[in-house]
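Structure at a glance
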Amino acid sequence: MNGAGIGNPNVEFSPDVSAVTPVAVGGTAYVAWGYRNGSVAITYAPNFMEIMDKRRAYKRCEARDAHSAQASHIVFCDKTLSFVSGAWDGTVKLWSADPLNLLWDSRKKEDAMPGEACVQVAYDSHSGTVVAALANGIIKVWTGLVVNLDRPSGSGFLHPDRAEVIQPLCPPTNTLPWEADPVTLSISVSPRHISILVHANKDTHISRIVVPRTGTAGDIARSQLADGPLGSITAITPSYATSMDAKGPTFPMFPPTPISSPLAAFAVTLQDPVPVMQSSFVAAGDMLGRVCVWDLGQPGETGPQGNSEVKSSKRFQAHDDGAVTAITLSPYIWVTGSARGTICLWDSISLTSLRTFETPCPRPLSGTDWPKVEQIVVDRAKDMFLASVGSWILYWKPGRPVGASGKGKGKAKAALGPSKPSAERWHRKFFAPNLRATF
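Residues numbered from 1 in each chain as written. Predicted model: local features only at pLDDT ≥ 70, side-chain atom pairs only at ≥ 80, totals over all residues. Heavy atoms only, no water.

Turning to the overall build of the chain, a few remarks are in order. Along the backbone of the chain there are two helices and 31 strands. A separation threshold of at least 6 residues defines the contact pool for the chain, and within that pool the share at least 24 residues apart is 53%. (Helix = DSSP H or I, 4+ residues; strand = E, 2+ residues; numbered from the N terminus. Contact = heavy atoms within 4.5 Å.)

Using the criterion set out here, one finds ten aromatic pairs in the structure. For the pair phenylalanine 76 and phenylalanine 83, a centre-to-centre distance of 5.8 Å together with 10° between the ring planes defines the contact as stacked. Look at phenylalanine 83 and you get buried, because its relative accessible area is 0%. Measuring from ring centre to ring centre gives 6.2 Å for phenylalanine 83 and tryptophan 95, while their planes differ by 10°; the resulting arrangement is stacked. One end of the pair, phenylalanine 83, is in strand E6 (residues 82–87); the other, tryptophan 95, is in strand E7 (residues 92–96), and twelve residues separate them in sequence. Judged by relative accessible area, which is 0%, tryptophan 95 ranks as buried. Each residue in the set Tyr30, Tyr44, Phe76, Phe83 and Trp95 is aromatic and connected to the rest through ring pairs, giving one cluster. (Phe/Tyr/Trp six-rings, centres within 6.5 Å; stacked < 30°, edge-to-face > 60°. Buried < 20%, exposed > 50% of the residue type's maximum accessible area, 1.4 Å probe, protein only.)

In spatial order, the strands read E9-E10-E11-E12; together these four strands make up an open sheet with antiparallel pairing. Two strands in the sheet have a free side with no partner beyond their single neighbour: strand E9 (118–124) and strand E12 (162–166). The average undirected angle you get between the axes of adjacent strands in this sheet is 15°. Bridge count for strand E11 (residues 139–143) against E12 is five bridges, and the pairing is antiparallel. Paired with threonine 143 across the two strands is arginine 162, which belongs to E12. (Pairing = 2+ DSSP bridges. Axes fitted to C-alpha atoms, helices over the stretch in contact; angles between N-to-C directions.)

The subject of this paragraph is the nonpolar core. The nonpolar side chains of a soluble globular protein tend to be buried with one another. One finds Val131, Ile139 and Ile196 to be the most contacted residues of the largest nonpolar core, which totals 18 residues. Ranked by residue count, the leading element in this core is strand E13 (residues 183–189), at four residues. Contact partners of valine 131, with chain neighbours within four places excluded, come to Gln120, Val121, Ala122, Ile139, Lys140, Val141, Leu185, Ile187 and Ile196. Counting residues in hydrophobic clusters, the runner-up holds 17 residues, among them Val92, Leu103, Val121 and Leu158. (Core = buried A, V, L, I, M, F, W, Y, C linked by side-chain atoms within 4.5 Å.)

This paragraph deals with a nonpolar patch on the surface. Residues Leu230, Met287 and Leu288 make up a contiguous nonpolar surface patch of roughly 310 Å² in combined accessible area. Mapped onto the elements, methionine 287 comes out in the loop between strand E20 (280–286) and strand E21 (290–297). A relative accessible area of 46% places methionine 287 in the partly exposed class. (Patch = residues over 30% accessible without salt bridge, like charges linked within 9 Å, V, L, I, M, F, W, Y side chains within 5 Å. Areas by Shrake-Rupley, 256 points an atom, 1.4 Å probe, with all protein chains shown as cover. Salt bridge = Lys/Arg side-chain N within 4 Å of Asp/Glu carboxyl O.)

Printed below as a string of structure tokens:
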């Protein structure tokens, strides 16, 4: 829905939407839209959590600012209220969301080929870095596109201070945008380097490109994250540590274990001293239900130089019923979902299994597949998670046990358990009423 909330399907729903990204900033919801005709729009919804407040505002870009082909991907930054859009004409544009203004345009090539279509974009607003993945495997990087927070419309038309074009080592076979494999793109920017992770669907490895923020194109380092997945990678979740004391998901410091006994080396309890480091890493699940973890090094490190292969430092079997379709990381638990709708909780330090949830969906009709886990959200402050499985939503939160009443009069007091968030709460099964809600 991209209208004013009046319920008219001819106004509210547009069949030509090709890209959409929603984000909540405080009490206001923003939805960025991309259309098949290349235009871009934004919807504002203040106080969107209030049921009675139906105020909406919708604005579409000027015709001269739109892409000349279908918008393929949009990524939004809530800190600067800006977003980046990419299109099949190979152009990449940077916009301010409130109000909607064009801040930068990569310019269209007059002799652009279909293989130069932009299929995925990534955006780091702090450093002003924009990265685009093209259908022919080329990666383009622009730096210096910093949005001015002091002005609601950005800082006028921006100009990048550097542009890089990185050729692929193995060009894809399908370069037409409507036939190209889906691409996963992620970036991390340190004071000295720009780390780019690229994965094309059906590949059994992840390509890592490290671009120096100062220097020449010859200083680019490449590596392949491989030697772990047994099939095509189906889910990727990176975790970047921006500083040595950054608080985030921790990297498990244990030796690799064989697939035949994935949890044999994890005889560790929460009371044991566990070595923990804040390091960047990426977790990926494959088609056979296996999850592999690659260490990306400390913040600011470039990793292996040259065209090298990096072996996974941790491997374990997460699901036996299908491919891993979703991975979510938090400091205390990791959550994975499968193609059959099952959800598993793992201790983030030892990677031991804490709980398993069956799919909340009813049995599908004969000949149809089970709905897969689409997305998982973990709320670290409230110790709860939400999982989207098909059209169903599974909600789970550890409860608090009630102590037994004594002989005297009065109500029993609740045993509050640990006062700080920890993985211990996720271990105790009597803390875990299985609550399911559907919408």
